[in-house]
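# Observations on the model geometry
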Amino acid sequence: MRGEESEAEFESEGGTVNPNAMNAITQTVDIGQGKSITFETGKLAKQAGGSVVVRQGDTMVLCTAVIDHSVREGQNFFPLTVDYRERFSAGGKFPGGFLKREGRPTDKETLTSRLIDRTIRPLFPDGFRNEVQALCFVLSADPEVDADVVAGLGASAALNLTGGPFDGPTAHVRVGRVNGEWVINPTKEERDNGDFDLVVAGKEDAIVMVEGEMNEASEDDMLAALDFGHEVIKQLCRAQNELKRAYEAERGAIEPMEYETVMADDDLVEQVRGIASERIEAHLRQPYDKKSLYGGLSEIKKAVVAEIQDSFVGDALEAIGVETKPSVSDSDIKNAFSTVESDVMREMILGEGRRIDGRRLDEVRDIWTEVDYLPRVHGSAIFTRGETQVLAQMTLGSGRDVQGVDQLFDQTDKRFYLHYNFPPFSVGEARFLRGPGRREIGHGMLAERALAPMLPSEDEFPYTIRLICDVLESNGSSSMGSVCSGSMAMMAGGVPLKKPVAGIAMGMIKSGDRIAILSDILGTEDHLGDMDFKLTGTRDGITACQMDIKIDGLASETMKKALDQAREGRLHILDEMEKTIGEARGQLAASAPRLFQLVIDSDFIGALIGPGGKNIKALQADTNTKVDIDERDGKGYVTIAAENQADADAAIDIVRGMVTVPEVGEEYEGTVRKMLGFGAILEVLPGKEGMLHVSEMAHGYVENPEDVMQVGDKVKVQLIEVRDDGKLRFSRKPFLPEPTEEEKAAMRERREKSRSNGGGDRRGGGDRRAGGRGGNRGGRR
């Protein structure tokens, strides 16, 4: 679609257009279910290498891509940077907090950047060293359409216009399931009502990346979701190529970029292979230990470098009779050695089915676990699998401890969150401790998503839960170790998980028609393999997954085999976990706070809080508790946090008293709070006071109420009236014996005598202004 058509469409939606400024090229794709996606280029950010605005609904994301045409001297890695940013202005909002400018990336922004990075990084040539930067800015935010998959589309479309060596295009889609039906790019409402939330990215001929969460999905469900998503991915990839052709037709052909790759020389690789392959293979057959493996390979590498350098020097001296510098660098030899090392390891796995630590392809490393290692923590667990070890610590809190969320597409506070830490000593390194990096945030979120579906509801368990997972040793699959240790720590701490959750990392090596699927991969196997596939779940299904595929054309049969093998490994790990703890304990740790939740009518919330918070502050001070009130679904939820049962009971009694509606005829034991000349004020429930008139204190005449009771006395009474203004009147008479005839006569005599002396009838029968204690006011003055 050309600029004229875009202008007409824009004006039809109420926009104002300067015809001289409108010069955009657009492409719209109908993705079904009443949803469409539009790509637009040639209008914004034209000095970038590639610039595309992608729109779905009212969500619009500007994505740019720039590739540096020169390489920095000494650059030895691929410097790809992907940044996704949300601006509150896109949703017509201001940032919360004192500073009104967006600061460091939120977790959502970091996770979305990772989704895009993991998709496009494998699609650049090996050895490519030019700097690449993809930036995605949310310009407009439709609350029903999340921008993460839209940004993934835009990043690919922008790279597709740069002329760089990007083996795309790629597309991101979100697959949901609502009422058993698959939904593409579900709205927020559909996601809230669904049981499947999976982001799938791929090319027209292959899936590249998968990440998401689900509620105990089957392996067949996973395959169906991938197939459903890939059909739409194909449409979106074709649309990006159409956009590129339309751009070239109007603006001219995009010149392919000239570049060089840094790769080991084939002749040098063969020379290293001849020297080192047998040594490497012999070393790999030794009993496995991570330190000895890497240490031995390092020694072989040094020897090979020295041997090849000596051979170059010897050849040079023999040829010209003088010493000269080697014609190959140490770095070149080391790169060639890495290629040979990978080839040897892969061939052992494919040819013999033998892994570098001697395990079978489907074998899981030895596991040992322990709970309650930390005495003062609310729940703790150690999970060790081979040379990967994770210590999980759980803390329970009240509603005040939720993680506040202030993001463009989400403002829902989190009552469960997991923090994953990867200190340098876990891999035997020494470096500065920094804040969590993208990898730590990503691994922590994967573990959090894995456990979240098995948490009890807030009504059932009103605690805020924080998990800290510290990786103490690492040799592959530390995020899955965090899932296992986190599940055990919560069960040990008394959190009523629906079911235990475990995780396993799978790998795959493929060469031609030969395929090996590996269970519980090591760090080295992750590096040299063609797939990294993490799966978590219970005995009954998958709760989360993360997959990165480095090769094209992965068959459905292979994926099915990997999923089935992962299920067997997951069940084995659950068996090992259950040897230590198999279900949640029936009580919390002694050091954990006690939370109790009451449901009240929302009309009582104001009274419970009081003016300026007076009532709730007094309640907390008097009972040494913390009280939180939340209104939802037309009800008030009162959560009481206490350090012991006695304090909790006291607070519960007060709250119940404040929200109870007294009924006429009910009996109460009240406490005298104040004495008056005509009666007493009783508190029958916390915050509920009423009048016990002198006429209701006894069957007979009472001259002085203080002759009957004093402040602090406990008195059993019955409610006899609730006045229109809410005031309460009580009587003590129903609990006193009926007077005899002689007593009644004596009462009449005393009453008459009091009247003849000028005393008013305090029971309300006479004129209280007639004199006596209640005499006329002029006399009292």
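Here's what I pulled together on the structure shown here. Note that the structure is predicted; figures quoted are calculated from it, not measured.

Moving on to the packing of helix α2 (residues 107-120) against helix α3 (residues 148-160). Their axes nearest at 10 Å, the elements α2 and α3 cross at an angle of 40°. In terms of orientation, α2 and α3 fall into the oblique class. For α2 against α3, the interelement crossing comes out right-handed. Here α2 contributes Lys-108, Thr-112, Ile-116 and Ile-120 to the contact with α3, which in turn contributes Asp-148, Ala-151, Gly-152, Ala-155 and Leu-159. In the contact of α2 with α3, the residues fall into five nonpolar, two polar and two charged.

Looking now at a negative patch on the surface. Among the surface-exposed residues, Asp-265, Asp-266, Asp-267, Asp-330 and Asp-332 lie close enough to one another that they form a single negatively charged patch. Looking at the element boundaries, Asp-330 is found in helix α8 (residues 330-352).

Membership of the largest hydrophobic core comes to 162 residues, with the highest contact counts inside it found for Phe-39, Leu-198, Leu-236, Val-272 and Met-490. Ranked by residues supplied to this core, first place goes to helix α5 (residues 219-251) with eleven residues. Core analysis: the next-biggest nonpolar cluster, separate from the first, contains 18 residues, Tyr-668, Leu-685, Val-694 and Leu-728 among them.

Our focus in this paragraph is the environment of Lys-733. One can find Lys-733 in the loop between β27 (728-731) and α16 (741-756). In sequence terms Lys-733 and Phe-604 are 129 residues apart; their C-alpha atoms lie 32 Å from each other. In this view, Lys-733 contacts Ser-695, Glu-696, Ala-698 and His-699; residues no more than four positions away in its chain are not counted.

Before going further, it helps to spend a moment on the packing of aromatic side chains. Using the criterion set out here, one finds nine aromatic pairs in the structure. Centroid distance Phe-124 to Phe-128: 5.8 Å. Interplanar angle 15°. Geometry classified as stacked. Its relative accessible area of 4% is what places Phe-124 among the buried residues. The class of Phe-128 is buried, set by a relative accessible area of 1%. An aromatic cluster is present here, built from Phe-78, Phe-124, Phe-128, Phe-166 and Tyr-259 joined pairwise through their rings.

Parameters at a glance
- Residues numbered from 1 in each chain as written.
- Predicted model: local features only at pLDDT ≥ 70, side-chain atom pairs only at ≥ 80, totals over all residues.
- Heavy atoms only, no water.
- Axes fitted to C-alpha atoms, helices over the stretch in contact; angles between N-to-C directions.
- Helix = DSSP H or I, 4+ residues; strand = E, 2+ residues; numbered from the N terminus.
- Parallel < 35°, antiparallel > 145°, perpendicular 65-115°, else oblique.
- Left-handed = near helix turned anticlockwise from the far one by under 90°.
- Contact = heavy atoms within 4.5 Å.
- Nonpolar A, V, L, I, M, F, W, Y, C, P; charged D, E, K, R; others polar.
- Patch = residues over 30% accessible without salt bridge, like charges linked within 9 Å, V, L, I, M, F, W, Y side chains within 5 Å.
- Areas by Shrake-Rupley, 256 points an atom, 1.4 Å probe, with all protein chains shown as cover.
- Salt bridge = Lys/Arg side-chain N within 4 Å of Asp/Glu carboxyl O.
- Lys, Arg positive; Asp, Glu negative; His and termini not counted.
- Charge placed at Lys NZ, Arg CZ, Asp CG, Glu CD.
- Core = buried A, V, L, I, M, F, W, Y, C linked by side-chain atoms within 4.5 Å.
- Buried < 20%, exposed > 50% of the residue type's maximum accessible area, 1.4 Å probe, protein only.
- Phe/Tyr/Trp six-rings, centres within 6.5 Å; stacked < 30°, edge-to-face > 60°.

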